[in-house]
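Structural overview
Below are the chains, spelled out letter by letter.
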Amino acid sequence: MPTRFTDAYLEVKAGLASSDFSREREWQKLVDRARKLVGDDGFEISHAGLVDDLRKKVRRANGRGHSEAALFFEAAGRRSNGAGGVVDGALARRLGALKMLRHTYFLKRFGGHKIWIVAIPRSYTDWPHSTLKGEEGHVRRKLDDRAERFSPEDRKNLSHASQEALKWVHRGMMVAGSPLAPKNRALLTRWFTGSDCGDAEIVQYAGTINEGLKKLTATLKSGLLIYTDSVSERTAGANEGAEAFVWQDRLDVVYVEEEFFGVENTVRGLTNWARILIHELTHAKLGTRDHAYEWQGMSPEKIGARKAVENADTWAWFCADCAGALTQGLVEYALGR
């Protein structure tokens, strides 16, 4: 059964609550820091250094010829003999907590945005607390797997995309904040209201848009936003062709799938990545819907102002347009069918 990231996160929290971790002093300190990192509402940025320090410990052990599996078994309070034996649910939670954090990255850039990326190895077909259960040889192989879902280049691009999205949202707020200025009015009528709206209606719509963009800004700057993929659905084919989605998580999570970095979109590269993130965040934070996509045509004259304000892609393309990220041809393409 598919499992949300929030559920896996709660398993990490439960695993870290165990008193069965190694009594070795350095591990005790790391586990205590991990408990502080995994907060009730998401990762705590004041303890973000834990994930880097955990990876440093893994690298030091590797340099001395110790496997990651042996290291984590030791940390979890049980030595691995590499064969035989069975890992039960309680030990799997402890191992899973360490493995999840070992593949968690905190990235921040100027402009105030801060994000987390959880890059579970590609071979996993479920979250670590479930995968690291059963025959010990299987668990050992999975613990030693380092081939992450998001490469260093992917992580850099996701960080850049978040920064770009934040810049676009700020530009959109400037437009919505002064809706009757001629250029701003043109942008609002182009994407949201249509040309028949009077001043009072435009101001009203602009107020709604500005409040929504404030919520997106807060999310991008909160330090709680998490990017991962839907690990438990990797083999199901459910997300084949998907770029990204949100899934009613209690935490702020965007699931980034294989087509996020695809090349078959109307816009490409950083522009497309920022567009996708804004689109998905409006679903999560504003309750938008998918009334129309750009390839279907989504002018307010076609779908109506009410649906335009509810439409996720409209928000994303509006922000891109406010930031000067679109050519006139792209604007006409998105609106004109």
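Details of the structure are given in the entry above.
Rules behind the numbers
Residues numbered from 1 in each chain as written. Predicted model: local features only at pLDDT ≥ 70, side-chain atom pairs only at ≥ 80, totals over all residues. Heavy atoms only, no water. Axes fitted to C-alpha atoms, helices over the stretch in contact; angles between N-to-C directions. Helix = DSSP H or I, 4+ residues; strand = E, 2+ residues; numbered from the N terminus. Parallel < 35°, antiparallel > 145°, perpendicular 65-115°, else oblique. Left-handed = near helix turned anticlockwise from the far one by under 90°. Contact = heavy atoms within 4.5 Å. Nonpolar A, V, L, I, M, F, W, Y, C, P; charged D, E, K, R; others polar. Core = buried A, V, L, I, M, F, W, Y, C linked by side-chain atoms within 4.5 Å. Buried < 20%, exposed > 50% of the residue type's maximum accessible area, 1.4 Å probe, protein only. Expected span 1.5 Å × (residues − 1). Pairing = 2+ DSSP bridges. Salt bridge = Lys/Arg side-chain N within 4 Å of Asp/Glu carboxyl O.

1. Quick word on the packing of helix α8 (residues 152-177) against helix α11 (residues 269-286)
At a minimum axis separation of 8 Å, α8 and α11 run at an interaxial angle of 70 degrees. With respect to α11, the axis of α8 lies roughly perpendicular. The chirality of how α8 crosses α11 is right-handed. Of the residues in α11, those in contact with N157, H160, A161, S162, E164, A165, W168 and V169 of α8 are L270, T271, W273, A274, R275, L277 and I278. Of the residues in the contact of α8 with α11, the class split is nine nonpolar, four polar and two charged.

2. Let's talk about the packing of helix α1 (residues 5-16) against helix α5 (residues 89-102)
Remark: α1 packs on α5, axes separated minimally by 8 Å, with the N-to-C direction vectors making an angle of 115 degrees. In this structure, the crossing between α1 and α5 has a hand that is left-handed. In contact with F5, A8, E11, V12, A14, G15 and L16 of α1, α5 contributes R93, R94, A97, M100 and L101. Grouping the amino acids of the contact of α1 with α5 by side-chain chemistry returns eight nonpolar, one polar and three charged.

3. Structural notes on the nonpolar core
Judged by nonpolar contacts, the single largest core of 56 residues is most densely connected at W191, F192, Y227, W317 and F318. Residues contacting W317, with those up to four places away along its chain left out, are W191, T266, V267, R275, E294, M298, L326, L330 and A334.

4. Let's talk about helix α3 (residues 49-63)
Helix length check: α3, at 15 residues, gives a terminal C-alpha distance of 21 Å against a target of 21 Å (1.5 Å per residue), a fit within 8%. On its buried face, α3 sits against α2 (25-37), α4 (68-75), α5 and β4 (104-108). Of the residues flanking the end of α3, it is G65, one or two places downstream, whose phi is positive at about 90 degrees.

5. Overview of the sheet that holds strand β5 (residues 114-118)
Note: strands within a sheet are paired through backbone hydrogen bonds, in either parallel or antiparallel orientation. In space, the five strands of this open sheet follow the order β4-β5-β7-β9-β8, with mixed pairing throughout. Each of the sheet's edge strands pairs with one partner strand only, and the pair in question is β4 and β8 (244-245). One ladder, built from three bridges, connects strand β7 (residues 225-228) with strand β9 (residues 253-256); its direction is parallel. For I226, the partnering residue across the bridge sits in β9 and is V253. Against the sheet, α8 touches β4, β5, β7 and β9, its axis set at about 150 degrees to β5.

6. Some thoughts on the pattern of salt bridges
In a structure, side chains of opposite charge can pair up when their charged atoms sit close to one another. Enumeration over the complete set of coordinates arrives at 28 salt bridges. Between R93 and E11 there is a salt bridge; the shortest N-O distance is 2.7 Å. Of this pair, R93 sits in helix α5 while E11 sits in helix α1; the two residues are 82 residues apart in sequence, bridging distant segments of the chain. Exposure remark for R93: the relative accessible area of 33% places this residue in the partly exposed category. Look at E11 and you get partly exposed, because its relative accessible area is 23%. As a salt-bridge pair, D313 and R275 come within 3.1 Å of each other at their nearest N and O atoms.

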